[in-house]
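The chain contents come next:
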Amino acid sequence: MPELVLELNGRTWTLDPSRSYTLGRDPQGDLVIDDARVSWRHATVSWAGGGWVIEDHGSTNGTYAEGRRVQRLEIGAGSSIHLGNATDGPRVSLTGADAGQGASGAAYGGQAAPGWAPQQQAQAQAQQQAQAQQQAQAQAQQQAQAQAQAQQRAPGRQQGWPQPQQQAPQQQAPGQGQFPHQQDGGSGGSGGHAPRGHEPSAAPGPGGAAGAPPVHGDRSPTTFHQFSLGRVMRIGRALENELVVSDLQVSRHHAEFTATPDGRYEIHDLGSHNGTYVNGQPIAKSGTVHLGPTDIVGVGHSTFRLVGDRLEEFVDTGEVSFSARHLTVTVDGGKQILKDVSFGVPEKSLVAVIGPSGSGKSTLLKALTGYRPADQGDVLYDNRNLYKQFAELRQRIGLVPQDDILHKELTVKKALKYAARLRFPGDTAEAEREARIGEVLGELKLDIHKGKKITSLSGGQRKRVSVALELLTKPSLIFLDEPTSGLDPGMDRDVMQLLRGLADDGRTVLVVTHSVAELAICDKLLVMAPGGSVAYFGPPEEALNFFGYTSWADVFSAFENYRDYDWAGRWRGSQHYQMYAADIDAVAAQSVHMPPPQQMRPPKAQSWAAQLWTLIRRYASVIASDKGFMALLVALPAVLGVVSTVIPAKFGLGPPELPSRFNSGAGTIMLVLMVGMCFTGAANSVRELIKERVIYERERATGLSRSAYLMSKVITLGVITAIQGVIICGIGFFPRALPAEGLIMPPAVEMCLVVIALGITSMMFGLVISSLVKTAEKTMPLLVMFAIVQVVFTGVLFQLFDSPGLEQFAWLMPARWAIAGAGTTLDLAHLMAPWDINNPTSLDPLWSHSVGQWIMNISVLLLMAAALGVVVSRLLRRHEPEVMRK
Ligand SMILES: Nc1ncnc2c1ncn2[C@@H]1O[C@H](COP(=O)(O)OP(=O)(O)OP(=O)(O)O)[C@@H](O)[C@H]1O
């Protein structure tokens, strides 16, 4: 067997073909590389039967051979690999007399076939594009210069720079309207000031004027795979596949490419968890689609394209450009809350979005992430239309909402563990998920905190954990909504530096923020004006000068004081616009035609049952981690049970003994127990949905099933409520005499079942409240109202039957049916004195001592619970991203 000698940092290893070697920062790995650019488990070197192969494990910063990023590459004596950076990343050199035959040449597809036409074409195209881009930039500069000259010639131009407190912003372009503060006339006052001392940088930043991204198809493929007729090539995560994709988003056996004997190609999905996509559209689970020469197949982070009889693989390593064109959002009533927003950034960019309250920052974020797609315009992800290819591309987007998306009661590690379970395909092994969690914890420097409860972390660290969660699935685009709100300046800087690092590591990061202290760390700044339009887009260091103020407070005051001013017009007439946005704006606005909803939804990475099981376990962990809350869950029914025992009732719940003819105390005891159960059941659930609304919204967007989520609540809370029912009944019934016999079962069991059914119905009502309210504070008054209303309509305090209107209204009250359920067992109609002493046979029909009535009473309770479940499910829709609402 051939051996390979590997050299790294002056040390050598003789590799044994019978095993594989892991390279990375993980101290448990075989070759430990202590360099921050190297991922935890970066790559593996192994003998693949015909030669040695290095395989990248989806590392953040990549594995490079001869300056190119590679995913999987045959290596041999003389090969040299860089990790983490193409030029100065740690270098792995290989030597060895018997090294694999397939070394060097063939490995670098394009180089092995230098005359290969498609790649030449691609390169030529890329060159043409670059030339076109240069021309566009030159034009923009000429325009800018012409404009500056025009401004200098403009009449009434003053040299003086206005005092920020007194002046409204300068008009930069001639021919634009008057300044907002000039309504009283005097055009010679201050109109038409040319900006001073803030000439935009002559050349736009990387990526061109509008951050024009390279066309996805012009990237060099990561690998090539040769096809022969009649061959089937299986793609998947498992090593036995012909085409191994080391990506946890990919199933072990994901899909198959087939070259049919008649020369056609097709892709067949193998029931993958995260789906197989052709041109961004999901193909049916286990479905087959014929492939044309222009079709692009998406599997996890990889895309494949057929060129002749070769299959080119492109791995999305995160370095993607991103742009928005003419985004416009119109709400009911025709009002535009986002107006024609265009901007673009190249790969590895950090973009900040600021603006006064109500300027549409959140609306923009929703439009960019597809949570609430714009009504007009495009969002381009590496030149692919996000809205059209949403189902596939949404998996590459990470969103960190303002509120934490983790259960704070859990430890960092546990919270990430459950998140990974929900987000990764059902066939990922625990060890694979653990490895990815370890990688992310290491990257965000959270290793030392992994055993701590999230509640015990500082605000900045908590935000890191939320970011870590989103990084699990390796998104290329990360959006953050006010990540530094509520943080002190030091933490603000920490978080912004973290985002800078994420962008530098090869992601595009867009952050909406209220904090202006750390804007300089960003590559680009987007300033939104009141009304939802762009007031500025460009380098942050030029922004204040652009507005003509010395502080952001002044700029925001100007926004406030001159709300009706044409900020968008001012921006469009500026040199900065020409430099940084005109190119993107030049393309006409498009109406958004979203694919049908079923093609937009993310696939469920896990089966419904697996999601349900994970959610139940997570919920149980959250409850178990709060000992005080658990004690309260037991104490509440116990106290209510004990309270019921102090009610004086000579005959308990049993029949009276002569000379007494009635036992009215039984009704009072049942009233207290039932209302206690109502309160307990509803209290269990009333905060449950509101407190994790943000988590739900985010998880739903990543494929969580609404019914699995709701069922996890119903089952967990249902079990808790049932136990509480047993406690309340056990304590309440213990000291009381009971009837000798029940209708079907022992009377205590019969009544306890009714109490539990009432508890579950009340719990469902609590969930309705929880899904209805906007803030957790509103739940308490509604809970109290619910319990008091139940007291009134039990039928124990006054006569409800034969009272038209009142009787029917009481049918809606769970406590009415619950008292009736226990009443049938106790024969409460005869136990309590008749309401009308002159008409003693007029008894409550729901209390009639019969098996049929007992079954009906408990059935109505359970039907009510089911109906409330449907209501909760409908209400939950309101808190979901628009595309998820069925
Ligand atoms: N569905 C809607 N229907 C009508 N108006 C809406 C809707 N959603 C948002 N708006 C309005 O659009 C404007 C922009 O809202 P948005 O939440 O995007 O602003 P923002 O800049 O994020 O504000 P803040 O900084 O306060 O979060 C606001 O005036 C808001 O009232």
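Residues numbered from 1 in each chain as written. Predicted model: local features only at pLDDT ≥ 70, side-chain atom pairs only at ≥ 80, totals over all residues. Heavy atoms only, no water.

Identification of the protein as FHA domain-containing protein from Streptomyces corynorhini is taken from an unreviewed UniProt entry. The record in UniProt for the protein states the following under Subcellular location (unreviewed entry): "Membrane". (UniProt positions renumbered as here; feature names shortened; annotations may be inferred.)

### Remarks on the pairing of strand 2 (residues 11-15)
Bridging between strand 1 (residues 4-8) and strand 2 involves 5 bridges; their strand directions are antiparallel. Within strand 2, the residue paired with Glu7 across the bridge is Thr12. Between strand 1 and strand 2, which pair antiparallel one after the other, the connecting turn spans 2 residues, and Asn9 there sits at a positive phi close to 50°. (Pairing = 2+ DSSP bridges. Helix = DSSP H or I, 4+ residues; strand = E, 2+ residues; numbered from the N terminus.)

### Examining the site of the ligand
For the ligand, the full set of nearby residues is Val331, Ile337, Pro356, Ser357, Gly358, Ser359, Gly360, Lys361, Ser362, Thr363 and His514. Here an oxygen atom of the ligand and a side-chain polar atom of Ser357 are 2.5 Å apart. Compared with its free state, where it exposes 630 Å², the ligand has 55% of that area covered by protein. Among the elements that take part in the shell around the ligand, helix 3 (residues 361-369) stands out by supplying 3 residues, more than any other. (Near = heavy atom within 4 Å. Polar contact = N/O pair within 3.5 Å; in protein donor to acceptor, adjacent residues only side chain to side chain. Areas by Shrake-Rupley, 256 points an atom, 1.4 Å probe, with all protein chains shown as cover.)

### Considerations on the environment of Gly271
Position of Gly271 among the secondary structure elements: in the loop between strand 16 (265-269) and strand 17 (276-278). On the basis of relative accessibility, which here comes to 26%, the residue Gly271 falls in the partly exposed class. Distance in space between the C-alpha atoms of Gly271 and Ser286 is 4.7 Å, their sequence separation being 15 residues. With residues near it in sequence (within four places) discarded, Gly271 still touches Lys285 and Ser286. (Buried < 20%, exposed > 50% of the residue type's maximum accessible area, 1.4 Å probe, protein only. Contact = heavy atoms within 4.5 Å.)

### Comments concerning the sheet that holds strand 10 (residues 80-83)
The strand order across the open sheet built from 6 strands is 2-1-11-10-7-8, with neighbouring strands paired in antiparallel fashion. The sheet is open, and its two borders are formed by strand 2 and strand 8 (68-70), each paired with just one other strand. The sheet shows a mean angle of 30° between the axes of neighbouring strands, taken without regard to direction. Taken together, the 3 bridges between strand 10 and strand 11 (residues 91-95) define a ladder with antiparallel strand orientation. (Axes fitted to C-alpha atoms, helices over the stretch in contact; angles between N-to-C directions.)

### Observations concerning the side chain of Gln249
For Gln249, the position within the fold is in the loop between strand 14 (243-244) and strand 15 (255-259). Gln249 gets classed as buried once you look at its relative accessible area, which sits at 5%. If we skip the residues at most four places from it in the chain, Gln249 touches His254, Asn274, Gly300, His301, Gln395, Arg423, Phe424, Pro425 and Thr473.

### Let's talk about the sheet that holds strand 19 (residues 288-291)
What the 5 strands build is an open sheet, ordered 14-13-15-16-19; its pairing is mixed. Taken across any chain shown, the strands that pair with only one partner, and hence form the sheet edges, are strand 14 and strand 19. Sheet topology places strand 15 next to strand 16; 5 bridges connect them, and they run antiparallel. Each bridged residue has a counterpart across the sheet, and for Ala259 the counterpart in strand 16 is Tyr265.

### Points about the pattern of salt bridges
Enumeration according to the criterion identifies 28 salt bridges in this entry. Here Lys463 makes a salt bridge to Asp404, at a shortest N to O gap of 3.9 Å. Of this pair, Lys463 sits in helix 7 (residues 459-471) while Asp404 sits in the loop between strand 28 (397-400) and helix 5 (412-423), and the two are 59 residues apart along the sequence. Both residues of the pair, Lys463 and Asp404, count as buried. Counted as one network, the salt bridges with shared partners bring together Glu688, Lys691, Glu692 and Lys713. (Salt bridge = Lys/Arg side-chain N within 4 Å of Asp/Glu carboxyl O.)

### Topic: the packing of aromatic side chains
Going through the model one piece at a time under the given rule, you end up with 20 aromatic pairs. Measuring from centroid to centroid gives 6.2 Å for Tyr536 and Phe547, while their planes differ by 55°, and the two rings are tilted. In this pair, Tyr536 sits in strand 32 (residues 533-538) while Phe547 sits in helix 9 (residues 543-547), placing the two residues 11 residues apart along the sequence. Taking relative accessible area as the criterion, Tyr536 reaches 0% and is therefore assigned buried. Note on Phe765 and Phe786: the rings are 4.4 Å apart at their centroids and 15° apart in plane angle, and the pair reads as stacked. Here Phe765, found in helix 21 (residues 747-772), pairs with Phe786, found in helix 22 (residues 779-792); they are 21 residues apart in sequence, far enough to count as distant. The partly exposed category is assigned to Phe765, whose relative accessible area is 28%. For Phe786, a relative accessible area of 6% corresponds to the buried category. Grouping aromatic residues by their ring pairs yields a cluster made of Tyr536, Phe546, Phe547, Trp552, Phe556, Phe559, Tyr565, Trp567, Trp571 and Tyr577. Directly above the ring of Tyr418 sits Lys417, whose terminal nitrogen or CZ lies 5.6 Å from the centroid. Between Lys713 and the ring centre of Tyr619, over which it is positioned, the NZ or CZ distance is 3.8 Å. (Phe/Tyr/Trp six-rings, centres within 6.5 Å; stacked < 30°, edge-to-face > 60°. Lys NZ or Arg CZ within 6 Å of the ring centre and 35° of its normal.)

### Quick word on helix 10 (residues 552-561)
Regarding helix 10, the residues found buried are Trp552, Asp554, Val555, Ala558 and Phe559. The buried residues of helix 10 occupy an angular sector of 160° when projected down its axis, which confines them to one face. Relative to its buried face, helix 10 has exposed residues pointing more than 90 degrees away, namely Ala553 and Asn561. Buried-residue contacts for helix 10 involve strand 25 (350-354), strand 31 (524-529), strand 32, helix 9 and helix 11 (567-572). (Arc of directions from axis to C-beta.)

### Points about the nonpolar core
Counting 100 residues, the largest nonpolar core has Leu327, Phe343, Leu364, Leu368 and Phe547 as the members making the most contacts within it. Inspection of this core shows a minimum of three residues originating in each of domain 3 (322-599) and domain 4 (608-649 + 658-884). One finds Val755, Leu758, Trp817 and Trp847 within the second-largest nonpolar core, a separate group that totals 49 residues. (Core = buried A, V, L, I, M, F, W, Y, C linked by side-chain atoms within 4.5 Å. Domains from an automatic or database assignment.)

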